[in-house]
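Take a look at the letters that make up each chain.
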Amino acid sequence: MKIKKSYIAYPVLVFVICYAIVANWSAGANLLNTFVAALSPFLTGAAIGYIVNIVMSAYEKLYDKFITSQRLLKAKRPLTMILAYATFVLVVTLIFTIVLPDLIASLKSLLSINPKDIQSIINEVQHNKWVSKILEVSGGDAQLSKLISNYSRQILNQFLSVLTNVLASVTSIASTLISIFVSIIFSMYVLANKEKLGRQFNLLIDTYLGKYAGTVHYLVGILHSRFHGFFVGQTLEAMILGTLSAIGMMLLGLPYAATIGVLIAFTALIPVVGAYIGVTIGTILILTQSFSQAVVFVVFLVLLQQFEGNVIYPRVVGGSIGLPSMWVLLAITIGGALAGLVGMLMAVPILASLYQIIKDHVYKKQAQNQRQGS
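Note that the coordinates shown come from a computational prediction; the quantities given were computed from them, not determined experimentally.

Student: Where do I start with the overall build of the protein in this structure?
Tutor: Along its length, the protein carries 14 helices and zero strands. Listing the helices and strands of the protein from first to last along the sequence gives α-α-α-α-α-α-α-α-α-α-α-α-α-α. When each of the 374 residues of the protein is scored for burial, the buried share is 26%. In the protein, the share of contacts with a sequence separation of at least 24, taken over all contacts with a separation of at least 6, comes to 70%. Put simply, the protein shows about 24900 Å² of open surface, and 71% of that area lies on carbon and sulfur atoms.

What follows is the structure in structure tokens.
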């Protein structure tokens, strides 16, 4: 039996490659981390450009609808880009203008909490007729006092820990600002040349992938559809929920109505769990003013979220995500564990894309089986 050189050369080559990878693993990992760190501002810029393009595309449609002058049409791209970025700057400015003053005031109240304030809250709870009945049955007066004191200390400790981390991160503000500046500049470049970049991408795919090009275009189309639908639908739903929360709190005479409305709208961008995060923060803010108003706030928000979940969300978001609620919760849990808040936002449209791809493949296989059976 004649032994071919390839029978020896390929295993030896594989062994050498594996040995080289293991021997230089740490150096390769450091090089890869450095490359990813250098590339992160550009990836962030591409993500910013994708989100800003949603608003920019809406402005472009309005521009084409109302502007007929050829001279003004030539200025469509820079004008719509400026309007899109100005919209985001205006939103961020309004959020800080509305939220920061009330947030600072509430944080001062939290930092000035002393045992007498905690005892007054406990007394107010104990004199509530519903709570009194429960305590009479369970005999849990001392336990309730101890429990509330423990939770209060835990909240203050967590707040001080967060404040310490913020102060420690001040030293990295300069590098962070530079990265943000590079990301925004790169996003502007992407938006200014989006059609050209799209054609170049399609040309590369068609040239080098051949018969697989159609599959890649299909996957990109699914991802774009799900991400676009998620961001648009979730943003509209969050704005509606935040507006209704603020209006309802004003009618009920609750404090921090505008601030909590903005917070709920911001946190509601996270599907399923986001609104509950906003309710928790809002409850803590109102607790610095009144316990009874905090209870009214919680009851109001629970009822509003039931209305939002059963009436508003299906109509506004509808099938834009195309993912059942069970899988949305799974995506949020896994995404949050892997990458925090960004992971929560990214996981839902990614899983929705995978869900649609598998669904299309199942239908395709069923159709093939039916044709073969007939």
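Student: What is the right way to look at the pattern of salt bridges in this model?
Tutor: Pairing between side chains of opposite charge can happen when their charged atoms approach one another. If you walk through the whole model with that rule in mind, you get four salt bridges. Of the charged contacts in the structure, one is a salt bridge between Arg 77 and Glu 60, with a shortest N-O distance of 3.1 Å. In this pair, Arg 77 sits in helix H4 (residues 76-111) while Glu 60 sits in helix H2 (residues 25-66), placing the two residues 17 residues apart along the sequence. Accessibility assignment for this pair places Arg 77 and Glu 60 in one class, buried. Across the salt bridge formed by Asp 64 and Lys 76, the nearest N and O atoms sit 3.3 Å from each other. Linking Asp 64 in helix H2 with Lys 76 in helix H4, this pair joins segments that are twelve residues apart in sequence.

Student: Please clarify how the packing of H2 against helix H10 (residues 213-252) should be interpreted in this entry.
Tutor: A packed helix pair is summarised by two numbers, namely the angle formed by the two axes and the spacing between the axes. It is at 11 Å that the axes of H2 and H10 come closest, and there the two elements cross at 65°. Classified by the angle between their axes, H2 and H10 sit roughly perpendicular to one another. Here H2 runs over H10; the crossing is right-handed. Touching Tyr 50, Ile 51 and Ile 54 of H2 are His 224, Phe 227, His 228, Phe 231 and Val 232, all from H10. Tallied by class, residues from the contact of H2 with H10 come to six nonpolar, two polar and no charged.

Student: Help me understand the packing of aromatic side chains, please; the structure alone is not making it clear to me.
Tutor: Under the counting rule described, the total for this entry stands at four aromatic pairs. With centroids separated by 6.1 Å and ring planes inclined at 45°, the aromatic side chains of Phe 227 and Phe 231 adopt a geometry described as tilted. Of the two residues, Phe 227 and Phe 231 are both situated in helix H10; the distance of four residues between them amounts to about one turn of the helix. Judged on exposure class, the residue Phe 227 and its partner Phe 231 are both buried. An aromatic cluster is built from Phe 42, Phe 186 and Tyr 189, whose rings are joined through pairwise contacts.

Student: Sorry if this is basic, but what is going on with the environment of Leu 94 here?
Tutor: Its place among the elements puts Leu 94 in helix H4. Its relative accessible area of 44% is what places Leu 94 among the partly exposed residues. On a C-alpha basis, the gap between Leu 94 and Val 262 in space is 9.3 Å, while along the polypeptide they are 168 residues apart.

Student: How do you make sense of H2 when you look at a structure like this?
Tutor: Each full turn of the α-helix corresponds to 3.6 residues, which orients residues three or four apart in the same direction. Over its 42 residues, H2 runs 59 Å from end to end, which matches the ideal 62 Å to within 8%, given 1.5 Å per residue. A maximum bend of about 40° is found in H2 at Leu 39, where proline Pro 41 lies one to four positions downstream. Those residues of H2 that fall on the buried side of the exposure criterion are Pro 41, Gly 45, Gly 49, Val 52, Ile 54, Met 56, Glu 60 and Tyr 63.

Student: When you look at the nonpolar core in this model, what are you seeing that I'm missing?
Tutor: Side chains of a nonpolar character, in soluble globular proteins, are inclined to be buried together. Formed by 21 residues in total, the largest nonpolar core has its most connected members in Leu 241, Met 249, Ile 260, Ile 264, Ile 286, Phe 297 and Leu 301. At the level of elements, H10, helix H11 (257-267), helix H12 (274-287) and helix H13 (291-316) are the ones that each hand at least two residues to this core. Those residues in contact with Ile 260 that lie beyond four places of it in its chain are Met 249, Pro 255, Gly 282, Leu 285, Ile 286 and Phe 297. Met 344, Ala 347, Val 348 and Ala 352 belong to the second-largest nonpolar core, a separate cluster that totals 13 residues.

Student: For this particular structure, what's the right way to read unusual backbone geometry?
Tutor: The general pattern is negative phi for most residues beyond glycine and trans for most peptide bonds. The backbone of Tyr 256 shows a phi angle near 60°, a positive value even though the residue is not glycine. For Tyr 256, the location among the structural elements is in the loop between H10 and H11. You can call Tyr 256 buried: its relative accessible area is 13%.

Student: What's the story with the side chain of Gln 305 in this structure? I'm lost.
Tutor: Residue placement: Gln 305 occurs in helix H13. Residue Gln 305 is classed as buried on the basis of its relative accessible area, which comes to 9%. Beyond its immediate sequence surroundings of up to four residues, Gln 305 is in contact with Ala 275, Tyr 276 and Val 279.

Student: Explain the UniProt feature "transmembrane region" (unreviewed entry) in the protein here, please?
Tutor: When the UniProt feature table is mapped onto this chain, "transmembrane region" (unreviewed entry) is found at residues 7-27, 39-59, 79-100, 166-192, 236-257, 263-287, 294-313 and 325-355. From the first C-alpha to the last, residues 39-59 spans 30 Å; its make-up is 100% helix and 0% strand. For the annotated span residues 79-100, helix accounts for 100% and strand for 0% of the residues, and the straight-line distance between the end C-alpha atoms is 31 Å.

Student: It is not clear to me how a nonpolar patch on the surface should be interpreted in this structure. Could you clarify?
Tutor: Together, Leu 32, Phe 35, Val 36, Leu 39, Phe 42 and Leu 43 give the surface a local cluster of nonpolar side chains, amounting to about 560 Å² of exposed area. Relative to the helices and strands, Phe 42 resides in helix H2.

Student: Quick question: what am I supposed to make of the packing of H11 against H12 here?
Tutor: Orientation of H11 relative to H12, taken along the N-to-C sense of each, is 155°, at an axis distance of 7 Å. As judged from the angle between their axes, H11 and H12 are roughly antiparallel. Judged by the sense of rotation from one axis to the other, the crossing of H11 with H12 is right-handed. In this structure, H11 uses Thr 259, Ile 260, Leu 263, Ile 264 and Thr 267 to contact H12, whose residues at the interface are Gly 274, Ala 275, Ile 277, Gly 278, Ile 281, Gly 282, Leu 285 and Ile 286. The residue makeup of the contact of H11 with H12, split by class, is eight nonpolar, five polar and no charged.

Quick notes on the rules
Residues numbered from 1 in each chain as written. Predicted model: local features only at pLDDT ≥ 70, side-chain atom pairs only at ≥ 80, totals over all residues. Heavy atoms only, no water. Helix = DSSP H or I, 4+ residues; strand = E, 2+ residues; numbered from the N terminus. Buried < 20%, exposed > 50% of the residue type's maximum accessible area, 1.4 Å probe, protein only. Contact = heavy atoms within 4.5 Å. Areas by Shrake-Rupley, 256 points an atom, 1.4 Å probe, with all protein chains shown as cover. Salt bridge = Lys/Arg side-chain N within 4 Å of Asp/Glu carboxyl O. Axes fitted to C-alpha atoms, helices over the stretch in contact; angles between N-to-C directions. Parallel < 35°, antiparallel > 145°, perpendicular 65-115°, else oblique. Left-handed = near helix turned anticlockwise from the far one by under 90°. Nonpolar A, V, L, I, M, F, W, Y, C, P; charged D, E, K, R; others polar. Phe/Tyr/Trp six-rings, centres within 6.5 Å; stacked < 30°, edge-to-face > 60°. Expected span 1.5 Å × (residues − 1). Bend = angle between axes of the 7 residues up to and from the residue. Core = buried A, V, L, I, M, F, W, Y, C linked by side-chain atoms within 4.5 Å. UniProt positions renumbered as here; feature names shortened; annotations may be inferred. Patch = residues over 30% accessible without salt bridge, like charges linked within 9 Å, V, L, I, M, F, W, Y side chains within 5 Å.

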